[in-house]
Amino acid sequence: MKRAFPILAALTAILLVYALYQALVVAPTERTMGDVQRIFYYHVPSAWTAFLLFFVNLVASVVYLVRRNPKADAVAVVTAEVGVVFCTVVLVTGPIWARPVWGIWWTWDVRLTSTLVLWLIYVSYLVLRRFSDSAQTPVLAAVLAIFGALDVPLVYFSIWFFRTQHPQPVIGGGGSIDPRMWHVLLINWLAFSCFAFLICWSRYRLESLRRDVEEAEALESLLDAPPGHDAKAKVAHGEAGFNRRPQ
Amino acid sequence: MKSIRFLYAAYVATWLIHAFYLGSLVRRYNRLRQRLMEISKK
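Scoring rules and cut-offs
- One numbering rule holds for all chains: residues counted from 1, following each sequence as written.
- As they are written, the chains are lettered A onward and the ligands numbered 1 onward, keeping that order.
- With pLDDT at 70 or above as the cut-off, local features in this predicted model cover only qualifying residues; side-chain atom pairs require 80 or more to be listed or tallied, and sums for whole chains, interfaces and linings still use all residues.
- Heavy atoms throughout the structure, all of them, feed into the side-chain values; hydrogens and water do not.
- Only runs of H or I of at least four residues qualify as helices and only runs of E of at least two qualify as strands under DSSP, and these elements are numbered from the N terminus.
- Throughout this description, buried means an accessible area under 20% of the type-specific maximum (1.4 Å probe, protein chains only), exposed means over 50%, and partly exposed covers the range between.
- Between two residues, a contact is recorded if the distance between any of their heavy atoms is within 4.5 Å.
- Patch criteria: residues need more than 30% relative accessible area and no salt bridge. Like-charged residues are merged within 9 Å; nonpolar side chains of Val, Leu, Ile, Met, Phe, Trp and Tyr are merged within 5 Å.
- Per-residue and other accessible areas were derived by the Shrake-Rupley procedure at a 1.4 Å probe size, with only the shown protein chains allowed to occlude residues.
- Salt bridge, as applied in this entry: a Lys or Arg side-chain nitrogen positioned within 4 Å of an Asp or Glu carboxyl oxygen.
- To qualify as a nonpolar core, a set must consist of buried Ala, Val, Leu, Ile, Met, Phe, Trp, Tyr and Cys residues joined through side-chain atoms within 4.5 Å.
- Multiplying 1.5 Å by the helix residue count minus one yields the expected span of that helix.
- Once two parts are put together, the accessible area they lose, assessed with a 1.4 Å probe and summed over both, is termed the buried area.
- N or O atoms closer than or at 3.5 Å make up a polar contact, with two conditions inside protein: a donor-capable atom paired with an acceptor-capable one, and, for residues adjacent in sequence, both atoms drawn from side chains.
- Each residue receives one of three labels: charged for Asp, Glu, Lys and Arg, nonpolar for Ala, Val, Leu, Ile, Met, Phe, Trp, Tyr, Cys and Pro, and polar for the others, Gly being one of them.

Peer 1: When you look at the overall build of chain A in this model, what are you seeing that I'm missing?
Peer 2: What chain A contains, in helices and strands, is seven helices and zero strands. Ordered by position from N to C terminus, the α and β elements of chain A give α-α-α-α-α-α-α. Across the 247 residues of chain A, 47% fall into the buried class. For chain A, long-range pairs separated by at least 24 residues make up 75% of all intrachain contacts whose partners lie at least 6 apart in sequence.

Here is the structure:
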């Protein structure tokens, strides 16, 4: 598996460069917005990738709640963190597109606000994982992740249910785009999905290493404990070892 | 012409965000490896 990583990384880098070329050179220029519309090829695939990662986070959180599987918990942490990165890209590129097209950076429109709320929910998820020492943290985080995932369909379908300034969704929105734009959009989504998969892979390895370090620290504290000091109890109560601060 | 600047700003911002995150992963990884080596030396 370790040998596959550099090969996949090289292929993803080539795909990202190709997708960038497609977005900047090959895709036709939109009639009314001009070149600024090309932000769409980074903005939309980043949003779809974030939604996909939050969906995986939901599945992993449910699996953790049902089976208490630490690997599912690790997958949940990893996908939430990488999902927040992609959601940040969405929240940054959106206003950069809006400024020349709408004349404003931000408006408290339902689509924009619900996306910001989604980002805040997952940031709070990560803050909970980072700063809570309780052994119950993974359970609380899994429940929070389920509530966070409920916001994803609200973000996507908000355009159908409410009057909004945001353009209609590309899938199921009733509008139509040039087939060449579709092609470029899908290439960029594929490139960003491969990139997200590689980041998740690296982050999962980091999470495994972090848990190894915590186990080693717990063992060390058991060995270094002065007579009468109950280090085993410390591990059992989640102050050290595998359950401690599962960031 | 002005809109081109916004286009480049969006693309550069995207890669800066990813680069910053990848940098944070590398820093965390090195810190953990160092900590693991310290523990194994004891």
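Peer 1: Help me understand the side chain of A:Ser46, please; the structure alone is not making it clear to me.
Peer 2: Residue placement: A:Ser46 occurs in helix α2 (residues 40-67). The contact partners of A:Ser46, leaving out residues within four places of it in the chain, are A:Phe86, A:Val89, A:Val90 and A:Phe192.

Peer 1: Just checking my understanding: could you explain a nonpolar patch on the surface for this structure?
Peer 2: Residue and element names in this part refer to chain A. A cluster of nonpolar side chains, contributed by Ile7, Leu8, Leu11, Ile14 and Phe197, occupies part of the molecular surface with about 510 Å² of accessible area. Among the elements that line the nonpolar patch, the one with the most residues is helix α1 (residues 4-26), at four residues. The topology assignment puts Phe197 in helix α6 (residues 179-224).

Peer 1: Is there a simple way to think about the nonpolar core in this case?
Peer 2: Nonpolar side chains in soluble globular proteins tend to end up buried together. In this structure, A:Tyr41, A:Phe86, A:Leu118 and A:Tyr125 are the most contacted members of the largest nonpolar core, which totals 64 residues. Residue assignment for this core shows that the elements contributing at least two residues are α1, α2, α3 (70-102), α4 (110-131), α5 (137-161) and α6 of chain A together with α1 (2-41) of chain B. Beyond its immediate stretch of four places on either side in the chain, A:Leu118 contacts A:Phe51, A:Phe54, A:Cys87, A:Gly148, A:Asp151, A:Val152 and A:Val155.

Peer 1: Would you take a moment to explain α1(A) for this structure?
Peer 2: Note on helix geometry: an α-helix contains 3.6 residues per turn, so any two residues three or four positions apart are oriented the same way. In this model α1(A) runs 31 Å from its N-terminal to its C-terminal C-alpha over 23 residues, within 8% of the 33 Å that 1.5 Å per residue would give. Those residues of α1(A) that sit buried are A:Phe5, A:Thr12, A:Leu16, A:Ala19, A:Gln22 and A:Ala23.

Peer 1: What exactly am I supposed to notice about the interface of chain A and chain B here?
Peer 2: Interface size is often expressed as the accessible area that is lost when the parts come together. With 35 residues of chain A at the interface, the matching set in chain B holds 23 residues. When the area that chain A buries against chain B is broken down by residue, the three leading residues are A:Tyr42, A:Leu206 and A:Leu209, summing to 19%. Seen at the junction of chain A and chain B, the total is six residue pairs in polar contact (both at pLDDT 80 or more). Sorting the residues of the side of chain A that touches chain B by element identifies α1, α2, α3 and α6 of chain A as the ones contributing at least two each. In terms of residue count, the dominant contributor to the side of chain A that touches chain B is α6(A) (12 residues). For the side of chain A that touches chain B, a count of residues per class yields 23 nonpolar, three polar and nine charged.

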